[in-house]
Amino acid sequence: MNFTKVKDIGDVRQAVKEALELKKNRFQYHEAGKNKTALLIFFNNSLRTRLSTQKAATNLGMNVIVLDVNQGAWRLETEREVVMDGDKSEHLLEAIPVMGCYCDIIGVRSFARFENKEDDYSEKILQQFIRYSGRPVFSMEAATRHPLQSFADLITIEEYKRTERPKIVLTWTPHPRALPQAVPNSFAEWINAAGYELVITHPEGYELDPQFVGTARVEHNQRKAFEGADFIYAKNWAAYKDPHYGEVLSTDRSWTVDTEKMALTNQAFFMHCLPVRRNLIVTDEVIESPQSLVIPQAANREISAQTVLKRMLDGLQSTA
Amino acid sequence: MNFTKVKDIGDVRQAVKEALELKKNRFQYHEAGKNKTALLIFFNNSLRTRLSTQKAATNLGMNVIVLDVNQGAWRLETEREVVMDGDKSEHLLEAIPVMGCYCDIIGVRSFARFENKEDDYSEKILQQFIRYSGRPVFSMEAATRHPLQSFADLITIEEYKRTERPKIVLTWTPHPRALPQAVPNSFAEWINAAGYELVITHPEGYELDPQFVGTARVEHNQRKAFEGADFIYAKNWAAYKDPHYGEVLSTDRSWTVDTEKMALTNQAFFMHCLPVRRNLIVTDEVIESPQSLVIPQAANREISAQTVLKRMLDGLQSTA
Amino acid sequence: MNFTKVKDIGDVRQAVKEALELKKNRFQYHEAGKNKTALLIFFNNSLRTRLSTQKAATNLGMNVIVLDVNQGAWRLETEREVVMDGDKSEHLLEAIPVMGCYCDIIGVRSFARFENKEDDYSEKILQQFIRYSGRPVFSMEAATRHPLQSFADLITIEEYKRTERPKIVLTWTPHPRALPQAVPNSFAEWINAAGYELVITHPEGYELDPQFVGTARVEHNQRKAFEGADFIYAKNWAAYKDPHYGEVLSTDRSWTVDTEKMALTNQAFFMHCLPVRRNLIVTDEVIESPQSLVIPQAANREISAQTVLKRMLDGLQSTA
C-alpha cells in the first residue's frame, strides 16, 4: 500500500472513524511497529510534518530514521546513457533501491519546484520512490498533494462540525511568495471525497487543476462565498493555469480573512495548515478567536500520520 | 514543573542525593519515560548538552526528537498587528504551541545574543516557550543561566569534596571572544543555594549581576582569592555592567590558571564546564593534572539531566 | 575490542558464517543492545553507512546518537603547549573523552584528506578516538580502510560464489575526482584474508600500498586480468605513490567496465560499493544486468555492521 492521495485511504469516513478511535489511546498499537523502521526523506524543510510523523511512528513502536536531503547537494542523475562525469555522483537507479534496503516504509517530502509543470504534476520524484524503492511509500507533501494535512483537516472538521453536511469554503488569500498548490488541491480532493459542500473562492487567474476541483463550486466573489459557511479554510497558492504556472498574480489584501468577513458566515470555524503569515492570510483577531482551529489541526497531524502508518504496517504483515 | 533555575529543583542537597542515587544504576527508571517524548530545541550549537540530554532521556525510556533551529533561517514574528509580508514566515503564537503538540516535555537552548540586555536578562525566548507551549520546559542553557551544568558541577563537588563546607573560587579567565554570563551566574546561584563558601574573583569591570552573586565574596586579587581554596572553577565571561554589556574588556593572560597559582590553594580541584581554550583559561599542566575534574563534570551532565527529567516525568504523572 | 581492519574480526570465514546466521533473523539479538548507546560520528557525509549502521544498531536494540561534524566548523586543537587564542575552541584531549562519556560504543567516519600522506596512513583521527575516548571504536570508513564495506562485500561473495575459491578481480576505473584508497585497500586485505584468488588491475602509477596488496597479483592489462574471473570489483582511486599521492593521473575511459569486457570473464558477477558514476566506472548495461550485485552488496552493509556491533556488545559484557 502506498499513500499519496485520498483514494489510497479507501472510504474517508471510515478512515476518520479509525483516526478518532486511535486518538482515544494513541499507544494502543505500540507493538504494531516493533522491529519496523520508517525512513523519512526530506527534500524540503519541515517542522510540523517531521515532528508529527516522527511522533506518530514512535507511538506505534517503530524506529525512525530522518534523512535531510539538501536538494542542491544531492543531485541524482535520472537519465540513462549519460556519462556521469559532471556534478551528479549517483544515479537514482542505485540511490533509491539502496534506501529501500534499510527500512520497511518510506516517507517522502518533495515540493513542486515550479520549474517544469509536467515534472511537478506527474509527481516525478515521488513516483521514482514508488517505482524503485521496493517499499511502500507515503507522501509527507509532494508536488501536487499534501494528503496527511488534508486527512488531519478532515479529522478536525469531524470533531467540530455542527451539521451532518457542513458548508466548507476554501479561500485564496494573499502572500508575497509563490506557493505550491499541494494544500488546496489536496483539501478539495478530500472534502469532495467526504461528500461535504465545498465552495472555492479566489481571484480570476487562480483556477486550480480541474481534477482536484471536481464537484466543488467556484465563486470569485469572496464575500458571497463566505455566506452561511461552517468552515473557512484559508490558503495562498500560486497560479496553476498556463502561461502563468507558478507565478504570483495578485497580492490583493482585500482577500485577507478578517472579522468583518467572518461575520458573514454561520459562525464558521477558521482553518489554516500553518505556517501562516498574520494580517496577510488572516488577521490577529480571527486567528486568536475561539473559532480558530489552527492548533487542533496541527495536533491532528500526529493522528492522521499514525492512522496511515498503522494501515501500512498492517499491509506489511499481510504480505510478509 | 519547569526547570530553569536553582529554585525549581527545591532543596539542592536533596537533589544531589537523588542524583547520586540515580548514578548507581541509571537504568532503574527505564519505564518512567515510556511513551513520553522529549523535544530538544537548539537555537545554538551543542555537543555536551545535546549528547548528555539525549542519553539521559533514553536512560529513562523516553523518545527524543532533536530540532536544530538555525537562528538566521527560522525567524519568528513576535509582535501582534504586524503585516507579515517580510522575511518572517511564522508567528511564535502559532509555532510554539504547535511544537508543544508533539511532545510531553520541551528542552530549549538559547544563548544571550548581547544585542539587547533587557531581552537577554528577561529570558525572552525561554519565557515564550514556558508561556505558549503548553508543556513543561527545561533549560539546556539560556541567556542568563545554565542550570543543568551547575547541577552537574554541584554533583561533582559532592563527589570530590573533603570537608563539609568547602571553599570554592569562581575565577574569571581570559578569552578572545565575548561569552555569555550564563555559566558563572548559574554556578554562583547553585553554590550559594548549597551553602558553600564562594569567592568570585575577576578584574574590575567584570562584576556579575548582584542577584546571582548573592552572599558570595568578591575579591579582585586572584592570588588572594585562591588561598586555601578547595575547588577552583575557571570561566570567562563578557562584561555585564552598563555601558559595557557584552564587551571584552580584558584578555589579560596573567589571569590564566597555572600550576603556580594552584599551589596557593588547599590542593584544590580544577573545574571548567568545557569547551576550554588551553593555555588561556588554564595551562596544559593544570588541566591534565590528577586534580582536574573537567571530564567527571562533563560525565555528570548526563546525571543532572536525568535527575531533572525524572522529576519532570513524575510531575506529568501527578497531573495526568 | 576495536574494529578498524580485517585482523580485528579474527577468522573471516567464521565471521561470514556468523553474519549469514544473523541475516536469517536479524532481530534475534534484540536484547543484546538494551540500554547501550552507539555514538556515530561523521566527519564526512554518508548515506549508506549512516542508514545501514543505524539500522544494524536498532536491530540489536541499541540507542543511536548521530553526530555530524562539519570538518570546517569543528576544528580541534591537537597539539599541546599551544595558546588557543585562534579559531580552534576545543582540544581533542577534552572533546574525545567527553564524547566517550555519553555512549558505550563509538563509530567514526573520517576520510583521507590528501593533505598529508603520513596523517592519512597513520589514521591520525581514528587513532585519537581509540586512544582517548575510553570506548571501543569501530570504523565507518577511515583514511585507509573501509572494513564494514569489505566485510559486506565478502558476505555477498559468499552468497553468490559458484566455486570454493573464486577468482576475484579488483579493477581501477576512471573518475573525475581524486578518491581515497580506503575501499580498494580494504577489499584487497579482506579477500587476501579469505584466501581467494585476487588480481588487481590498474594503469601504471596507480599501485596501492604493498601492505594491502599482499599476495595479490598485479596485472596492468585489464582484459588479461578479466579472463576467467568470477567476480569483477570496480573502483576508482587516486594515486598512492609519491610524488603523486592523492592525484588523478588518468581518466582513461578505456578502463570503464562494459559488456564486451565482461564477456572475457567466467560469467562474472559485477560489484561496486556505490555511489557509482555510470558510463564512467561501468556501463548502464552491466550495472543493470542480472550479474550486477550492487544492491545486494549495499543491503549486506546492514548485516556486516550488525555482526560487528554484536561482537562489540559481547565484548562489553565480558569486561563489565
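Residues numbered from 1 in each chain as written. Chains lettered and ligands numbered in written order. Predicted model: local features only at pLDDT ≥ 70, side-chain atom pairs only at ≥ 80, totals over all residues. Heavy atoms only, no water.

- Chain A goes by N-succinylornithine carbamoyltransferase in an unreviewed UniProt entry, where it is assigned to Tannerella forsythia.
- Taken from UniProt, the Function (unreviewed entry) comment for chain A reads in full: "Catalyzes the transfer of the carbamoyl group from carbamoyl phosphate to the delta-amino group of N(2)-succinyl-L-ornithine to produce N(2)-succinyl-L-citrulline. Is essential for arginine biosynthesis."
- Under the heading Catalytic activity (unreviewed entry), UniProt records this for chain A: "N(2)-succinyl-L-ornithine + carbamoyl phosphate = N(2)-succinyl-L-citrulline + phosphate + H(+)". (UniProt positions renumbered as here; feature names shortened; annotations may be inferred.)

1. Some details on the overall build of chain A
Here is step 1 of the chain: Helix and strand counts for chain A stand at 12 helices and 11 strands.
Here is step 2 of the chain: Its C-alpha atoms give chain A a radius of gyration of 20 Å, near enough to 20 Å, the size a compact globule of 320 residues would have.
Here is step 3 of the chain: Over its C-alpha atoms, taken along the principal directions, chain A stretches across nearly 55 × 50 × 30 Å.
Here is step 4 of the chain: Across the 320 residues of chain A, 62% fall into the buried class.
Here is step 5 of the chain: Pairs at least 24 residues apart make up 79% of the contacts formed inside chain A by residues separated by at least 6 positions. (Helix = DSSP H or I, 4+ residues; strand = E, 2+ residues; numbered from the N terminus. Rg over C-alpha atoms; globule rule 2.2 N^0.38 Å. Buried < 20%, exposed > 50% of the residue type's maximum accessible area, 1.4 Å probe, protein only. Contact = heavy atoms within 4.5 Å.)

2. Focus: the packing of helix α1 (residues 12-24) of chain C against helix α6 (residues 147-160) of chain C
Residue and element names in this part refer to chain C.
Here is step 1 of the chain: One can describe the packing of α1 onto α6 by two numbers: an axis separation of 10 Å at closest approach and a directional angle of 75°. The orientation of α1 relative to α6 falls into the category roughly perpendicular. Facing Val 12, Ala 15, Val 16, Ala 19, Leu 20 and Lys 23 of α1, the residues of α6 in contact are Phe 151, Leu 154, Ile 155, Glu 158 and Glu 159.
Here is step 2 of the chain: Tallied by class, the residues present in the contact of α1 with α6 amount to eight nonpolar, no polar and three charged. (Axes fitted to C-alpha atoms, helices over the stretch in contact; angles between N-to-C directions. Parallel < 35°, antiparallel > 145°, perpendicular 65-115°, else oblique. Nonpolar A, V, L, I, M, F, W, Y, C, P; charged D, E, K, R; others polar.)

3. Comments concerning the sheet that holds strand β10 (residues 231-235) of chain B
Residues and elements named next belong to chain B.
Here is step 1 of the chain: An order of β9-β8-β7-β10-β11 is seen for the five strands of this open sheet, with the pairing classed as parallel. Edge positions in the open sheet fall to β9 (217-218) and β11 (269-271), since each of these has one partner strand only.
Here is step 2 of the chain: Sheet topology places strand β7 (residues 167-172) next to β10; five bridges connect them, and they run parallel. Looking at the pairing, Ile 168 lines up with Phe 231 of β10.
Here is step 3 of the chain: Together, β7, β8 (197-201) and β10 form the strand contacts of helix α7 (residues 182-194), whose direction differs from that of β8 by roughly 160°. (Pairing = 2+ DSSP bridges.)

4. Topic: the interface of chain A and chain C
Here is step 1 of the chain: Taken residue by residue, the interface counts 28 residues in chain A and 29 residues in chain C.
Here is step 2 of the chain: The junction of chain A with chain C conceals about 2,500 Å² of combined surface from both sides, 57% of it contributed by carbon and sulfur atoms.
Here is step 3 of the chain: The largest share of the area that chain A buries against chain C comes from Asn 35, Glu 94 and Tyr 102 of chain A, three residues that together contribute 27% of it.
Here is step 4 of the chain: Our enumeration of links across chain A and chain C arrives at four salt bridges.
Here is step 5 of the chain: For Glu 288 of chain C, the salt bridge is made with Arg 80 of chain A, and the minimal N-O distance between the two is 2.8 Å.
Here is step 6 of the chain: Looking at the side of chain A that touches chain C, the elements with two or more residues in it are β1 (37-42), β2 (63-68), β4 (90-91) and α3 (92-101) of chain A.
Here is step 7 of the chain: Looking at the side of chain A that touches chain C element by element, the count peaks at six residues for α3 of chain A.
Here is step 8 of the chain: Here the side of chain A that touches chain C is built from residues that sort into 16 nonpolar, six polar and six charged. (Buried area = accessible area lost by both parts, 1.4 Å probe. Salt bridge = Lys/Arg side-chain N within 4 Å of Asp/Glu carboxyl O.)

5. What about the interface of chain A and chain B?
Many structure descriptions define interface size as the accessible area lost when the parts assemble.
Here is step 1 of the chain: Each partner contributes residues to the interface: chain A has 29 residues there, and chain B has 29 residues.
Here is step 2 of the chain: When the buried surface of chain A facing chain B is broken down by residue, Leu 51, Arg 277 and Arg 278 of chain A rank first, second and third, together holding 25% of it.
Here is step 3 of the chain: Our count for the chain A to chain B interface comes out at 12 residue pairs in polar contact (both at pLDDT 80 or more).
Here is step 4 of the chain: Elements supplying a minimum of two residues to the side of chain A that touches chain B: α2 (48-59), α11 (284-288) and α12 (294-319) of chain A.
Here is step 5 of the chain: With seven residues, α2 of chain A is the single largest residue contributor to the side of chain A that touches chain B. (Polar contact = N/O pair within 3.5 Å; in protein donor to acceptor, adjacent residues only side chain to side chain.)

6. Observations regarding the relation of the copies chain A and chain C
Here is step 1 of the chain: For the pair chain A and chain C, the superposition axis carries a translation of 0.0 Å, the fit reaches an RMSD of 0.0 Å, and the rotation angle comes to 120°. Such a combination of rotation and displacement between the chain copies is what one expects of a three-fold axis. (Least-squares fit on C-alpha atoms with pLDDT ≥ 70 in both.)

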